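# Overview (structure and organization)
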Amino acid sequence: MAAAQESYSFPGRVVGKKPLDAAHSVVLVDTEKPGPGRWGLYIVSNQNNQELLKLDVYSEGVLAAAPELEAFNSNSAYLHFYSDYGFYQGSIKYIFDLSSSKAPVKIRYGMLALTSVARSSDKLDYSASFSQPGQIFQDGWHEQHAAIIVEPREAGLPSYQIVQGAIPPEQSASPDEKVVVQNITPPGQPHRPSTVLVDNKSYPAPIPTMDVYRKTMPQKQAPAEIESDIGPFVQNGDKLWFATTFYDGEGVSGIGAIGTFDLATRKYQMRYLPEIAPWSGSAILLDGDDLWIGLKHRPEGADIGGGLLRYNVRTGAVKTFAIPDVIYTIDRAGDALYCGTSHGLYMLRGDRITQLRFEPDESGQLVMIPRAVR
């Protein structure tokens, strides 16, 4: 809001401003005029907001997607494009040198999502892709796949290898796993609860009542219908740990919970904790006494990441970590936790979070770009 009230040397409404260093910022401008020149990207002086470099002037084009500005170092800036309902469409990376007269480098690329992982010795083999149903690939954006092999190191960044065009196999379930979880609602039919199958017997998971919803979520209007399914789960001996998942839109909602199913007693126990109540689970890992759960919203449109939750199964202590992207995988390797997400890999060491992005350098080759989150 404050940035829009400042005076600049170019026309338009400032919709984004990010610092590059102590002396410079990058500014995204919307002229609110259709056609060429609708959007402008400039580098300005922090002292007087005067234009120092015009990075780009363009229209939103046939993508019909609005850009979001990002910058986290002194020689690059990013525009990430999202269409209606939050669906990601593609990115543009600008690389520049303010001390040189060399023209900025402009690279169109797609964020690589790390959606599955297979462990190989001490390495993590990720399947990475820029491809979703309904995405539009044109004007320099193309579907892309890669295998990213990460080898963790103690107290530092991991080493990595990128094999473009390759996708490693999905990690298969253990053959001696005793539990089968089914989400059995047919498309277009009234919701039916998830079930756990043990010895060919079905045990439906509990669905919270409307009274439980009102008590747990007093800040929200009660929905017309409550849904709840067993989301990601992990088996530890005779106990199945899981996080619930639910659609949140069009009169339907639910309550996020940490649940257990005891194989000996065939009974459920649900924990409707305030830290998870608004969220669905997207991934899970049991690491000693710590249960790690990826959080997300499932609205009408694209999923929205809600962070990483740690629940101590012995003490009940809860803590969340600010990972903004949707988490697909969680693994412990060495002294760090690794989360494959909708935008690269996040490494959690203690309370320190580092995002490891895989994106093109000036030559167009994929490289790992670390970004300190906190």
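Residues numbered from 1 in each chain as written. Predicted model: local features only at pLDDT ≥ 70, side-chain atom pairs only at ≥ 80, totals over all residues. Heavy atoms only, no water.

### So, the environment of Tyr109
Where we set the bar: Runs of H or I in DSSP of at least four residues are treated as helices and runs of E of at least two as strands, each being numbered from the N terminus. With a 1.4 Å probe rolled over the protein chains alone, any residue whose accessible area is under 20% of its type maximum counts as buried; one over 50% counts as exposed, and the rest are partly exposed. By definition in these notes, contact holds between two residues if any of their heavy atoms fall within 4.5 Å.
Within the secondary structure, Tyr109 sits in strand β8 (residues 105-109). Tyr109 gets classed as buried once you look at its relative accessible area, which sits at 5%. In the structure, Tyr109 is positioned 18 residues away from Ser91 in sequence and 5.4 Å away in space, judged by C-alpha atoms. Residues in contact with Tyr109, not counting those within four places in the same chain, are Tyr78, His80, Tyr88, Gly90, Ser91, Ile92, Lys93, Trp141, Arg357, Glu359 and Pro360.

### What about the sheet that holds strand β18 (residues 239-245)?
Put simply, the rule is: When DSSP finds two or more bridges between a pair of strands, those strands are recorded as paired. Interaxial angles span 0 to 180 degrees and are taken between N-to-C directions of axes, which are lines fitted to C-alpha atoms, for helices over the stretch in contact.
A sheet is described by the order of its strands in space; here 4 strands give the open sequence β17-β18-β20-β21, paired in antiparallel fashion. On the outer flanks of this sheet lie β17 (229-236) and β21 (267-271), each paired with one strand and no other. Along the sheet, successive strands turn relative to each other by an average axial angle of 25°, direction set aside. By the bridge criterion, 5 bridges tie β18 to strand β20 (residues 258-262) in an arrangement that is antiparallel. From the neighbouring strand, Leu240 faces β20, where its bridge partner is Phe261.

### Details of the confidence of the model for the chain
Stated formally: Confidence of the predictor in every single residue is expressed as pLDDT, which spans 0 to 100.
The predicted model of the chain has a mean per-residue pLDDT of 88, with 90% of residues at 70 or higher. Ranking the elements of the chain by mean pLDDT puts strand β13 (residues 180-182) last with 80 and strand β23 (residues 290-297) first with 98. Counted against residues more than four places away or in other chains, residues 172-176, with its pLDDT under 50, gives 0 contacts.

### So, the pattern of salt bridges
Note the threshold: In the sections that follow, a salt bridge refers to a side-chain nitrogen of Lys or Arg positioned within 4 Å of a carboxyl oxygen of Asp or Glu.
Applying the stated criterion to the full structure yields 16 salt bridges. Members of the salt-bridge network, linked through shared partners, are Glu70, Lys93, Arg357 and Glu359.

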